[in-house]
Each structure stands twice: as C-alpha cells, then as structure tokens.
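# Understanding the architecture of this molecule
Below, each chain spelled out in residue letters.
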Amino acid sequence: MSPTFTLVREYHGRLEVAHVDVYRLERIQDVMDLGLEELGDGEAVLLVEWGDAVEEILPADHVTIELTGAADDDVRRLTFTPGGQTWVERWERLEQAMSAWRTDP
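Residues numbered from 1 in each chain as written. Predicted model: local features only at pLDDT ≥ 70, side-chain atom pairs only at ≥ 80, totals over all residues. Heavy atoms only, no water.

To continue, consider helix H2 (residues 85–98). Look at H2: 20 Å from first C-alpha to last across 14 residues, which is about the 20 Å you get at 1.5 Å a residue. The sharpest bend along H2 comes to roughly 50°, located at Trp 91. (Helix = DSSP H or I, 4+ residues; strand = E, 2+ residues; numbered from the N terminus. Expected span 1.5 Å × (residues − 1). Bend = angle between axes of the 7 residues up to and from the residue.)

Rendered as structure tokens:
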C-alpha cells in the first residue's frame, strides 16, 4: 500500500460524510480496525468504495450504488439497490428525489 494513500476522508457540512476506500486493504480485519461505526460519532453518512470486498461487515441497512460504463464512452450508469428494512421503507422517496437525473425510459 502506498504510504500516501488515504483510507478515510471525512467531510463536514450539513451532513457529516466519511468516504472510505477499502480497495487496497488485504484483510477484513484491516477494515474493522478503521472503526467505521465510530466515524462522525456513528451518525455520518458512510460511503464505502469497493464495498463489495467487505459486504459481510457492512450494516444490514445500506444502499449499494454500482457505477458502470464502457471504457470508450463518457456515459456512466448508476444503479441503486436498497438493503435492509429502513431503505425498503424509504425507497419510494429516494426514487422521487433522483427522478430528475434519470435518463433512460
């Protein structure tokens, strides 16, 4: 791992946001040692990049966002998948909030 690689970056604003990049971590224990549940006093929005590598330790209530696109194309597609009961209950509101950005029929 590069000595200048940042694993956790915190942003402070209307919402506390913590971005965690686990791509270069080799063991689940390395992720657990980051203390994700304590970021933002446990109240921060947690964005986990490459989260599929550590899915088994993520909270049950989460949203998975997958970014896809062709290498030779500037178009990207975001796919949102709810996880856990609280997101199932809030899903309709989230879809309405994101409808302005929808580009496919």
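Taken as a whole and judged by the stated rule, the model has 1 aromatic pair. Ring centres of Tyr 23 and Trp 50 lie 4.7 Å apart, and the angle between their planes is 40°; on these two criteria the pair is classed as tilted. Highlighted residues: Tyr 23 in the loop between strand S2 (17–21) and helix H1 (28–32) and Trp 50 in the loop between strand S3 (45–49) and strand S4 (62–68), separated in sequence by 27 residues. Note on Tyr 23: relative accessible area 52%, which makes it exposed. The ring centre of Trp 87 lies 4.0 Å from the NZ or CZ of Arg 90, which sits over that ring. (Phe/Tyr/Trp six-rings, centres within 6.5 Å; stacked < 30°, edge-to-face > 60°. Buried < 20%, exposed > 50% of the residue type's maximum accessible area, 1.4 Å probe, protein only. Lys NZ or Arg CZ within 6 Å of the ring centre and 35° of its normal.)

Turning to the sheet that holds strand S1 (residues 8–11), a few remarks are in order. One open sheet accounts for 3 strands, arranged S1-S2-S3; its pairing is mixed. Taken across any chain shown, the strands that pair with only one partner, and hence form the sheet edges, are S1 and S3. Strand-to-strand, the axes of this sheet are offset by a mean angle of 15°, without reference to chain direction. Across 5 bridges, S2 lies against S3 in parallel orientation. (Pairing = 2+ DSSP bridges. Axes fitted to C-alpha atoms, helices over the stretch in contact; angles between N-to-C directions.)

Glancing now at a nonpolar patch on the surface. A contiguous nonpolar patch, built from Leu 15, Val 45 and Leu 47 and spanning about 240 Å² of accessible area, is present on the exposed surface. Within the secondary structure, Val 45 is located in strand S3. (Patch = residues over 30% accessible without salt bridge, like charges linked within 9 Å, V, L, I, M, F, W, Y side chains within 5 Å. Areas by Shrake-Rupley, 256 points an atom, 1.4 Å probe, with all protein chains shown as cover. Salt bridge = Lys/Arg side-chain N within 4 Å of Asp/Glu carboxyl O.)

So, about the nonpolar core. Nonpolar side chains in soluble globular proteins tend to be buried together. Counting residues in each nonpolar core, the largest one holds 10 residues, listed as Leu 7, Ala 18, Val 20, Val 22, Leu 25, Val 31, Leu 36, Leu 39, Val 54 and Leu 58. Setting aside residues no more than four positions away along its own chain, Val 22 makes contact with Val 31, Val 48, Glu 49, Trp 50 and Val 54. (Core = buried A, V, L, I, M, F, W, Y, C linked by side-chain atoms within 4.5 Å. Contact = heavy atoms within 4.5 Å.)

What follows deals with the pairing of S1. As paired strands, S1 and S2 are joined by 4 bridges and run antiparallel to one another. Among the inter-strand pairings, Val 8 is bridged to a residue of S2, identified as Val 20.

We now examine the side chain of His 62. Secondary-structure assignment places His 62 in strand S4. At 3.3 Å, the side chain of His 62 and the backbone oxygen of Ala 60 are in polar contact. Excluding its chain neighbours within four sequence positions, the residues that come into contact with His 62 are Thr 81, Pro 82, Gly 83 and Trp 87. (Polar contact = N/O pair within 3.5 Å; in protein donor to acceptor, adjacent residues only side chain to side chain.)

Among the structural elements, Trp 87 can be located in helix H2. Put simply, Trp 87 and Asp 61 are 26 residues apart on the chain and 6.5 Å apart in space, counted from C-alpha to C-alpha. Those residues in contact with Trp 87 that sit more than four places away from it in its chain are Asp 61, His 62, Val 63, Pro 82 and Leu 94.

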